[in-house]
Amino acid sequence: AYEDKNETVKARDIYRIILKKYQNIKNISEAQDKLGRLNIAVIFSRAVTDKDTLYEVEPGDTLTNIAKKFGTTVDLIKIANSLKSDNIQARIKLKISKAKYKILVDKSQNILTLLGDNDIVKVYRVSTGENNSTPVGNFKIINKIIDPVWYTQKAIVPAESPDNVLGSRWLGFNLPGYGIHGTVSPEKIGQQATKGCVRMLNAEVEELYKIAPIGIEVTIVD
C-alpha cells in the first residue's frame, strides 16, 4: 500500500521489519530484492533520513568540495537534489548523504553487497574470477571511469568496441589491474567467468558508481 502511494521510506521500513522478524518466509529473496530497490530509491530521492543531513551552501562552495567534505559523490548530490548542472547558489539547502558506505564481495555466492553504516543497502549478483582468480582481502577504490578503455596485453580496446569487456563503468582497486566493472556478457553474471575482476550488469554498476566515493573500502572473501 505504501509503495502504491509512493511513500517509499515507509515501504522500505516495513520491508526492514519483515526481514528482521521473519527470516524463514518462503519469498525471503523477493523481500530482499524489494528492500534493495527501495533503499536505492530513498537514497536517490529528496527524502531526508537519519543517514542524511541538510547542508546550507556557503559562498564559494562547489559540489566537488561538498562531496569531499562529506565523503560522498557529486553524482549522488545531484540526483538526490534534482540538480541539472554543477552550478549551485549560496544559501540553498542540499540533501547530503553522511552514510559511510562499504562493499563486500562474496566469491562463493558471486554476490556484491553494498553496506551503509553496516546496514545492507542492496545485494547484487556479480561475476568473479574463473579458477578462483579474484584476489581476497581488503582494498579501496582509487579511480572511477565512465566508458573505460580496456588495456590488454595485445591491444588498446576503445569503449565503443564490442570487444571491450569492461562495460559502461570502471571502479579500480588499489591493486593494479583489478576492479569492479560492467559487462558485455550479461548472461554470465552469477558465474566465475572473469580474469579476476568483479563484473556487474551495466545498469547496476552505473547505480553503484553514483553512490560509491573514491576511497570506499572493498572487502573480498572466499
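To keep things clear, this report deals only with the structure shown in the data block. (Residues numbered from 1 in each chain as written. Predicted model: local features only at pLDDT ≥ 70, side-chain atom pairs only at ≥ 80, totals over all residues. Heavy atoms only, no water.)

## Here's the deal with the nonpolar core
A general tendency of soluble globular proteins is for nonpolar side chains to be buried together.
Here's step 1: With 28 residues, the main nonpolar core has Tyr101, Ile103, Leu112, Leu114, Ile180, Met200 and Val218 as its most contacted residues.
Here's step 2: Considering each element in turn, this core owes the most residues, four residues, to helix H5 (residues 202–211).
Here's step 3: Beyond its immediate sequence surroundings of up to four residues, Ile103 is in contact with Leu112, Thr113, Leu114, Ile180, Leu208, Ile216, Glu217, Val218 and Thr219. (Core = buried A, V, L, I, M, F, W, Y, C linked by side-chain atoms within 4.5 Å. Buried < 20%, exposed > 50% of the residue type's maximum accessible area, 1.4 Å probe, protein only. Helix = DSSP H or I, 4+ residues; strand = E, 2+ residues; numbered from the N terminus. Contact = heavy atoms within 4.5 Å.)

## Concerning the packing of aromatic side chains
Here's step 1: One pass over the structure, following the stated rule, counts two aromatic pairs.
Here's step 2: An angle of 75° between the planes, with centres 5.5 Å apart, marks the rings of Tyr55 and Phe70 as edge-to-face. In this pair, Tyr55 is assigned in strand E1 (residues 52–56) and Phe70 in helix H3 (residues 63–70), connecting sequence segments 15 residues apart.
Here's step 3: Tyr55 gets classed as buried once you look at its relative accessible area, which sits at 8%.
Here's step 4: Ring centres of Phe139 and Phe173 lie 5.5 Å apart, and the angle between their planes is 5°; this geometry places the pair in the stacked category. Here Phe139 is found in strand E7 (residues 137–146), whereas its partner Phe173 is found in strand E10 (residues 169–173), with 34 residues between them in sequence.
Here's step 5: When the ring centre of Tyr209 is taken as reference, the NZ or CZ atom of Lys144 above it lies at 4.4 Å.
Here's step 6: A cation over a ring is seen here: Arg169 above Tyr209, with NZ or CZ 5.4 Å from the ring centre. (Phe/Tyr/Trp six-rings, centres within 6.5 Å; stacked < 30°, edge-to-face > 60°. Lys NZ or Arg CZ within 6 Å of the ring centre and 35° of its normal.)

## Some points on helix H2 (residues 28–43)
The α-helix advances 3.6 residues per turn, and as a result positions three or four apart in sequence lie on the same side.
Here's step 1: In this model H2 runs 22 Å from its N-terminal to its C-terminal C-alpha over 16 residues, within 8% of the 22 Å that 1.5 Å per residue would give.
Here's step 2: Ile28, Ala31, Leu35, Gly36, Leu38, Asn39, Ile40, Val42 and Ile43 are the residues of H2 that are buried.
Here's step 3: Its buried side turned inward, H2 meets helix H1 (8–21), helix H4 (74–80), strand E2 (93–97), strand E3 (101–106), strand E5 (119–125) and H5. (Expected span 1.5 Å × (residues − 1).)

## With respect to the sheet that holds strand E14 (residues 217–221)
Here's step 1: A sheet is described by the order of its strands in space; here eight strands give the open sequence E5-E4-E3-E14-E7-E10-E11-E13, paired in mixed fashion. Two strands close off the open sheet at either side, each with one partner strand: E5 and strand E13 (198–199).
Here's step 2: Across two bridges, strand E11 (residues 179–181) lies against E13 in parallel orientation. When the bridges of E13 are listed, Ile180 appears paired with Val198.
Here's step 3: In the packing of H2 onto the sheet, the strands contacted are E3 and E5, and the crossing angle to E5 comes to about 115°.
Here's step 4: H5 contacts E3, strand E4 (111–116), E5, E7, E10 and E11 of the sheet and is inclined by roughly 55° relative to E10. (Pairing = 2+ DSSP bridges. Axes fitted to C-alpha atoms, helices over the stretch in contact; angles between N-to-C directions.)

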